[in-house]
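# Overview (structure and organization)
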Amino acid sequence: MAEKSVRPATRPQSNQRQAAADCINQALEKSDIAEICHAIGAAIHLYNISDLAQKSGLARPSIHRAFAGDPKKPNFTTVLNVLGAMGFRLHVTVRRGAGAARLKPVANCQEPGR
């Protein structure tokens, strides 16, 4: 009896997704671009790359190339599109005890185009 080829699930299990998110967050904490790209690259292998390409609006080879560890790093739009296609989002928080540049007074922070 011949074995049937089974296409992997579009979305990995919840514990796998959380582990991937934790790995990406750890890399982001270190602010190491190469490590961030490596973590995202590891996470994309949990997903069906064709589905990621379709949801992100990027070509499959572009996704692979962006996170393959090449000296040329992906642009921010690529990172956000791929993270969004995996069901992740970036969230900015204030670090405690971190010295920051002096802020200028800002009257209102609105989304672009509004």
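Read on for a plain summary of the structure. (Residues numbered from 1 in each chain as written. Predicted model: local features only at pLDDT ≥ 70, side-chain atom pairs only at ≥ 80, totals over all residues. Heavy atoms only, no water.)

## Quick word on the pattern of salt bridges
Note the following rule: Salt bridge criterion: a side-chain nitrogen from Lys or Arg within 4 Å of a carboxyl oxygen from Asp or Glu. Only protein chains enter the calculation, and the probe is 1.4 Å; a residue is then buried if its accessible area is under 20% of its type maximum, exposed if over 50%, and partly exposed in between.
Enumeration according to the criterion identifies one salt bridge in this entry. Notably, a salt bridge pairs K30 with E35, separated by 3.1 Å at the nearest N-O pair. By relative accessible area, E35 is classed as partly exposed at 27%.

## Some words on the packing of helix α3 (residues 49-56) against helix α5 (residues 76-85)
Rules: Axes, fitted as lines to C-alpha atoms, cover a helix only where it is in contact. Angles between the N-to-C directions of the axes lie from 0 to 180 degrees. Strands are runs of DSSP state E lasting at least 2 residues, helices are runs of H or I lasting at least 4, and numbering of each runs from the N terminus. Any angle that falls under 35 degrees is termed roughly parallel, while one over 145 is termed roughly antiparallel, one within 65 to 115 roughly perpendicular, and all others oblique. Crossing handedness: left-handed means the near helix sits turned counterclockwise from the far one by under a right angle, and right-handed means the same turn made clockwise. Note on contacts: a residue pair qualifies if any of its non-hydrogen atoms lie within 4.5 Å across the two residues.
Where α3 meets α5, the closest approach of the two axes is 8 Å, and the angle between their N-to-C directions is 120 degrees. Taken together, the axis directions place α3 and α5 in an arrangement best described as oblique. Crossing handedness for the pair α3 and α5: right-handed. Counted together, L52, K55 and S56 of α3 and N81, V82 and A85 of α5 form the full contact between these two elements.

## Describing the nonpolar core
Nonpolar side chains tend to gather and get buried jointly when the protein is soluble and globular. Test applied: Throughout this description, the term nonpolar core refers to a set of buried Ala, Val, Leu, Ile, Met, Phe, Trp, Tyr and Cys residues connected via side-chain atoms within 4.5 Å.
One finds I40, I44, L52, I63, F67, M86 and F88 to be the most contacted residues of the largest nonpolar core, which totals 23 residues. Taken together, the elements giving at least two residues each to this core come down to α1 (14-30), α2 (33-44), α3, α4 (60-66) and α5. At six residues, the largest contribution of residues to this core is made by α2. Here I44 is in contact with I49, L52, I63, V82 and M86, once residues within four sequence places are set aside.

## Focus: the environment of A34
Locating A34 in the fold gives a position in helix α2. Taking the relative accessible area as the measure of exposure, A34 reaches 42% and is therefore partly exposed. The spacing of A34 and G69 is 35 residues in sequence and 6.7 Å in space, taken between C-alpha atoms.

## Notes on unusual backbone geometry
For residues besides glycine, phi is generally negative; the peptide bonds are generally trans as well. Phi is positive for S31, close to 55 degrees, though the residue is something other than glycine. Looking at the element boundaries, S31 is found in the loop between α1 and α2. Since its relative accessible area comes to 57%, S31 is described here as exposed.

Spatial relationships are all this shows, so hold off on functional conclusions.
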